[in-house]
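Residue strings, one per chain:
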Amino acid sequence: MKIITSVKEMNAFADEAHALGKKIGLVPTMGYLHDGHLSLIKKSVSENDVTVVSVFVNPTQFAPNEDFKTYPRDLNRDAALAESVGADAVFHPEPEEMYPDGYHTYISVEKLTEVLCGVSRPTHFRGVTTVVAKLFNIARADRAYFGQKDAQQLAVVRRMVADLNMNIEIVGCPIVRESDGLALSSRNVFLSPDERSQALVLYKSLCTAKGLLEGGERSAARIRAEIERVIKTAPLADIDYIEIVRYDDLTAVETIDCKVLIALAVRFGKTRLIDNIIF
Ligand code: PAF
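Now for a look at the structure at hand. (Residues numbered from 1 in each chain as written. Predicted model: local features only at pLDDT ≥ 70, side-chain atom pairs only at ≥ 80, totals over all residues. Heavy atoms only, no water.)

This paragraph deals with the packing of helix H9 (residues 200-214) against helix H10 (residues 220-231). Where H9 contacts H10, the axes come no closer than 9 Å and their chain directions differ by 150 degrees. Taken together, the axes of H9 and H10 lie roughly antiparallel to each other. Read as a crossing pair, H9 and H10 show a hand that is right-handed. Together, Val201, Leu202, Lys204, Ser205, Thr208, Ala209, Leu212 and Leu213 of H9 and Ile223, Glu226, Ile227, Val230 and Ile231 of H10 make up the contact between the two elements. Class assignment for the residues of the contact of H9 with H10 results in nine nonpolar, two polar and two charged. (Axes fitted to C-alpha atoms, helices over the stretch in contact; angles between N-to-C directions. Helix = DSSP H or I, 4+ residues; strand = E, 2+ residues; numbered from the N terminus. Parallel < 35°, antiparallel > 145°, perpendicular 65-115°, else oblique. Left-handed = near helix turned anticlockwise from the far one by under 90°. Contact = heavy atoms within 4.5 Å. Nonpolar A, V, L, I, M, F, W, Y, C, P; charged D, E, K, R; others polar.)

What follows covers the sheet that holds strand E9 (residues 271-278). Strand order in this open sheet of three strands is E7-E8-E9, and the pairing throughout is antiparallel. Each edge of the open sheet carries a strand with a single partner, namely strand E7 (237-246) and E9. Neighbour-to-neighbour, the strand axes of this sheet turn through a mean angle of 15 degrees, independent of strand direction. Note that E7 and strand E8 (residues 260-268) share nine bridges and pair antiparallel. (Pairing = 2+ DSSP bridges.)

Turning to helix H7 (residues 151-163), a few remarks are in order. Residues spaced three or four apart along an α-helix face the same direction, because each turn holds 3.6 residues. An ideal rise of 1.5 Å per residue puts 18 Å on 13 residues; H7 measures up with 18 Å between its terminal C-alpha atoms. For H7, the full list of buried residues reads Ala151, Gln152, Gln153, Leu154, Ala155, Val156, Val157, Met160 and Val161. Considering only its buried residues, H7 is in contact with helix H5 (117-120), helix H6 (124-138), strand E5 (143-147), strand E6 (169-173), E8 and E9. Asn165 sits one or two residues past H7 and shows a positive phi near 50 degrees. (Expected span 1.5 Å × (residues − 1). Buried < 20%, exposed > 50% of the residue type's maximum accessible area, 1.4 Å probe, protein only.)

Next up on the list: the side chain of Ser186. Tracing the backbone shows Ser186 in the loop between E6 and helix H8 (193-198). One polar contact links the side chain of Ser186 to the main-chain carbonyl oxygen of Gly31, over a distance of 3.3 Å. Polar contacts involving the side chain of Ser186 include one to the main-chain carbonyl oxygen of Tyr32, which spans 3.1 Å. Residues in contact with Ser186, not counting those within four places in the same chain, are Gly31, Tyr32, His34, His37, Tyr71 and Pro72. (Polar contact = N/O pair within 3.5 Å; in protein donor to acceptor, adjacent residues only side chain to side chain.)

A cluster of like negative charges, contributed by Glu94, Glu96, Glu97 and Asp101, occupies part of the molecular surface. Within the secondary structure, Glu96 sits in helix H4 (residues 95-98). (Patch = residues over 30% accessible without salt bridge, like charges linked within 9 Å, V, L, I, M, F, W, Y side chains within 5 Å. Areas by Shrake-Rupley, 256 points an atom, 1.4 Å probe, with all protein chains shown as cover. Salt bridge = Lys/Arg side-chain N within 4 Å of Asp/Glu carboxyl O. Lys, Arg positive; Asp, Glu negative; His and termini not counted. Charge placed at Lys NZ, Arg CZ, Asp CG, Glu CD.)

Read from one edge of the open sheet, six strands run E1-E4-E3-E2-E5-E6, paired in parallel fashion. Sheet topology places strand E1 (2-4) and E6 at the edges, where each strand pairs with a single neighbour. The average undirected angle you get between the axes of adjacent strands in this sheet is 25 degrees. One ladder, built from two bridges, connects strand E2 (residues 24-29) with E5; its direction is parallel. For Gly25, the partnering residue across the bridge sits in E5 and is Arg143. Its contacts with the sheet put helix H1 (residues 7-19) on E1, E2, strand E3 (50-55) and strand E4 (89-91), and the angle it makes with E1 is roughly 135 degrees.

Here we take up the site of the ligand. Within the structure, the ligand sits among Pro28, Thr29, Met30, Asn58, Gln61, Val128, Val131, Val132, Phe146 and Gln153. The side chain of Gln61 places a nitrogen or oxygen atom 2.6 Å from an oxygen atom of the ligand. Contact distances for the ligand include 2.7 Å between an oxygen atom and a side-chain N or O atom of Gln153. Here the ligand loses 89% of its free accessible area of 290 Å² to cover by the protein chains. (Near = heavy atom within 4 Å.)

Structure (structure tokens):
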């Protein structure tokens, strides 16, 4: 497996693959890979001739008060894991390679980025769409793989691809959870043992919501209140948001009569966790 650090070399690798008629799958990541990432890589390997995993902690999607500096990084470990599931290349540029002096171009998706995580992270998605568009171009990807855990990110990327007529297929993949239900995240390493055990209320609250929906409850307010009640049983949980929105456009719903995303973000100490279900 190749480790590529320059845009030029990544372009050449991708052009060579395309010249041989090969399809390229891209798995964009910020590294510190876990089984959720590995499930995306495996899916790409099964659907494409070549799989590129990008490992880049993207500075433009972090606000100044966020965890860019402390975000966990371990390239050797990531490269070994990516190779173990069949990746052909890891693209690991330095920030200056992606954003050289004089860089001034950003992509903003409106509306979808103004709700859910966009409220407390107003500049986040502009950084995500910008880097993702750059990675699509640099790796000349035919398909790109994203986890459903970042459901809003997936919706925003799909919107960008449709709106800008990008010639790439976006593949969404299911959330991977620990055996006790906690959704896998590179940020889970920051949780203290107490925070880690209390964070189980997130999935528990979503399962409670699912149970209510399956029992016929259709009031978004009542379901939201029940999710809040379950989360508040964990004294360390500090709720950022609990939202029930239409899956298609992320607008709020009062009565659940369509496909919905039930999404939440909750802080445990300094660590902000997100989780969701689709119903
Ligand atoms: O989901 C992530 O890890 C990041 O937001 C992404 C898509 C790799 C862009 O930096």
